[in-house]
Structure formats: structure tokens, C-alpha cells
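Descriptive analysis of the structure
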Amino acid sequence: FILSGQPEPPYYFARMKKENKEGPSVLKSQSAPKNISFEEIENLTRTKNTVVLDGRNWQDFRTGHLRGTLFAPLDRYFILVTGSYIESGTEIALIADEDNLNQLAAALARIGHDNVTAYITPEQFSKFASNRKQLETIEEITVTELKEKMSDLKGQILDVRNSSELMETGQIEGAQNIAFTRLLIQNSEIPKNGIVYVYCRSGNRSEYACSFLKNAGFRVSHVAEGITAWMGAGYKLVPMMQTQIEK
């Protein structure tokens, strides 16, 4: 009873467990992230062991972002996203408002990501964004468009909700389930021979999942408003059995 309804543990929980047991490294004095040029942060996206977090809103990110950046605005999912998608010891750069830099750096440090070195502002990004050819995009479709594709689907539908949610509501027929916090260690289970259509309950978690999967080499399409829109359109869900989840 106590464990029922608990979400899948995010990837970084294992690291927290180890550090709480053995003791974390002493946090060194941190200098403020350095403001750099757009060209410099673009180069960082190609650097091994460096991640650029894009804190702009979803529509701005979806319609034009740098290859290799992760969608990570400062919201209630920020810790889950950065803890689940970034390996320990990774250098981090930000696309964020200067007013949020200290808060972002402090939040990252609390889960072991204490190497935030550089940033640019959204305004700096916008000055470059007019050259759309150098930016990546993520397709977004409605549930109606997804429903129409399902008769001859060339790809995989991916449900990134927690398994407990599937038990409560069911899922879209043919969907594969991997919680969005587990994609770093389970994305190899997703077929790469087509587009991955990603949805969650209302569209928030699937945005982060799309960002991560695109960086991992998948072709992705975001299903806007997820299960909420699916049910609102009157489409049916398939019941999910406990045996299927355990498998």
C-alpha cells in the first residue's frame, strides 16, 4: 500500500544514495558563470562532457534551438530533468536570464552538478536566431493527427508517464512506456527505424523527453497536450495490466 502509486526513481537517485552514504565531495568556492558569445556556446554544444541547458519557453525552443542542447526551463521539473539527463561530472552552460543564474546554479549544485561555467541570455540567442538554417526544430502534432497516422504508423508511440498512471487511465494502443526520468538508461529499448511520437498526461514531461531523445539520435514528434487532449477528443485508451508493466 505504501509503495503503490510511487513513480519510477529518477536516474540521479542512485547517485544521491551513494553520496548520502559515503559523503559528497567538499564543494569548492564557485565563481559566477561567465557570459560568453553565441559562437562560444555553439562550440560548447560540440564539446564532449559538456551540456548546454536551454531555459527558454517550449515554443521558442521547439522552433529553433542549437543542436545538442537540452530543454530545461526553471520550473518544477528542472531538478528532475537535469538530474535524470546529465551524467555526474559534466560541465554545464546555460541559456538563461541573468536574474535566474544564481538560482539555477544553486539548484544544480544540490544534485551534484556544481560545474556551471558559462551562459548566454535569451536576448543574445535571439540576435542569432534569424538564421534559421543553423537551428534544430522539433515537430509537434495534435492527437487528431496522431490518430490519423495510426492506421499506417511508421514509427513508435512512446508514453513517458509513470507506470502507476498507466494503471489508472490506460494508454494509447501500441504505445511503449518508459518514464521520462528513465530515458538516459533505457532509450536503447526504443526502436530507431522511424519517428518516435512522444506523449504524457498534458504535454509537459513529453517536451523534456523529446529534447533528450533528439539529442540521443532519435527522430521525434511531440504530441501536444497528451492524454488530456486524447481523452478530450473522445478517443479510447487501452487498459494496462500489471503483468505488462512488470514485464
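This text follows the structure it describes.
Just so it is clear, the structure is predicted and the values come from calculations on it, not from any experiment.

Read from one edge to the other, the open sheet built from five strands follows the order β1-β5-β4-β2-β3, with strand pairing classed as parallel. What marks the edges here is a single partner per strand, and that holds for β1 (34–35) and β3 (69–71). Pairing of strand β2 (residues 50–54) with β3 involves three bridges; the strand directions are parallel. Looking at the pairing, D54 lines up with F71 of β3. The sheet contacts of helix α5 (residues 101–109) involve β2, β4 (91–95) and β5 (116–120), and relative to β4 the element is tilted by about 150°.

Relative to the helices and strands, E42 is located in helix α2 (residues 38–44). A sequence separation of 26 residues divides E42 from G68, and the C-alpha atoms of the two residues are 9.2 Å apart. The residues touching E42, leaving out its near neighbours within four places in the chain, are L66 and Q134.

In this section: α5. Restricting attention to buried positions, one finds in α5 the residues L101, L104, A105, A107 and L108. Buried residues of α5 fall within an arc of 160° about the axis and therefore sit on the same side. Lining the buried residues of α5 we find β2, α4 (78–85), β4 and β5.

This model, assessed by the stated rule, comprises zero disulfides. For the unlinked cysteine C200, the closest cysteine sulfur is that of C210, found at 9.2 Å. Judged by its relative accessible area of 1%, C200 is buried.

To continue, consider the side chain of N162. Within the secondary structure, N162 is located in the loop between β7 (155–159) and α8 (163–169). Among the residues examined, N162 registers a relative accessible area of 14% and is labelled buried. Discounting chain neighbours no more than four positions away, the residues touching N162 are P7, E8, A179 and R205.

Moving on: unusual backbone geometry. Within the chain, N49 stands out as a residue other than glycine whose phi angle is a positive 65°. Checked against the element boundaries, N49 lands in the loop between α2 and β2. On the basis of relative accessible area, N49 is assigned to the partly exposed category, the value being 48%. With phi around 65°, E225 is a residue other than glycine that occupies positive phi space. Examined against the element boundaries, E225 turns out to sit in the loop between β10 (219–223) and α11 (226–232).

Right, let's talk about the packing of aromatic side chains for a bit. Summed over the entire model, instances satisfying the criterion amount to eleven aromatic pairs. Here the aromatic rings of F180 and Y208 are separated by 6.4 Å at their centres, their planes lie at 35°, and the arrangement is tilted. Placement of F180 in the loop between β8 (176–177) and α9 (183–186) and of Y208 in helix α10 (residues 204–215) is noted, with a sequence separation of 28 residues between them. Residue F180 shares its accessibility class with Y208, and that shared class is buried. Among the aromatic residues, those joined into a cluster by ring pairs are W58, F61, F71, Y77, F180 and Y208. Between the NZ or CZ atom of R56 and the centre of the ring of F125, over which it lies, the distance is 3.8 Å. Looking at K192, its charged tip hangs above the ring of F218, at a distance of 4.8 Å from the centre.

Further remarks concern a negative patch on the surface. Taken together, D97, E98, D99 and E123 make up a surface patch of like negative charges. Note that D97 resides in the loop between β4 and α5.

Attention now goes to the pairing of β4. The buried count for β4 comes to four of five residues, which makes it a mostly enclosed element. Pairing of β2 with β4, which is carried by five bridges, proceeds in the parallel orientation. Paired with V52 across the two strands is A93, which belongs to β4. Examined bridge by bridge, β4 and β5 share four bridges and lie parallel to one another. Looking at the pairing, I95 lines up with I120 of β5. In this fold, β4 hands off to α5, which returns the chain to β5; that crossover is right-handed.

What counts, and where the lines are drawn
Residues numbered from 1 in each chain as written. Predicted model: local features only at pLDDT ≥ 70, side-chain atom pairs only at ≥ 80, totals over all residues. Heavy atoms only, no water. Pairing = 2+ DSSP bridges. Helix = DSSP H or I, 4+ residues; strand = E, 2+ residues; numbered from the N terminus. Contact = heavy atoms within 4.5 Å. Axes fitted to C-alpha atoms, helices over the stretch in contact; angles between N-to-C directions. Buried < 20%, exposed > 50% of the residue type's maximum accessible area, 1.4 Å probe, protein only. Arc of directions from axis to C-beta. Disulfide = S-S within 2.5 Å. Phe/Tyr/Trp six-rings, centres within 6.5 Å; stacked < 30°, edge-to-face > 60°. Lys NZ or Arg CZ within 6 Å of the ring centre and 35° of its normal. Patch = residues over 30% accessible without salt bridge, like charges linked within 9 Å, V, L, I, M, F, W, Y side chains within 5 Å. Areas by Shrake-Rupley, 256 points an atom, 1.4 Å probe, with all protein chains shown as cover. Salt bridge = Lys/Arg side-chain N within 4 Å of Asp/Glu carboxyl O. Lys, Arg positive; Asp, Glu negative; His and termini not counted. Charge placed at Lys NZ, Arg CZ, Asp CG, Glu CD. Right-handed = clockwise from strand over helix to strand, strands pointing away.

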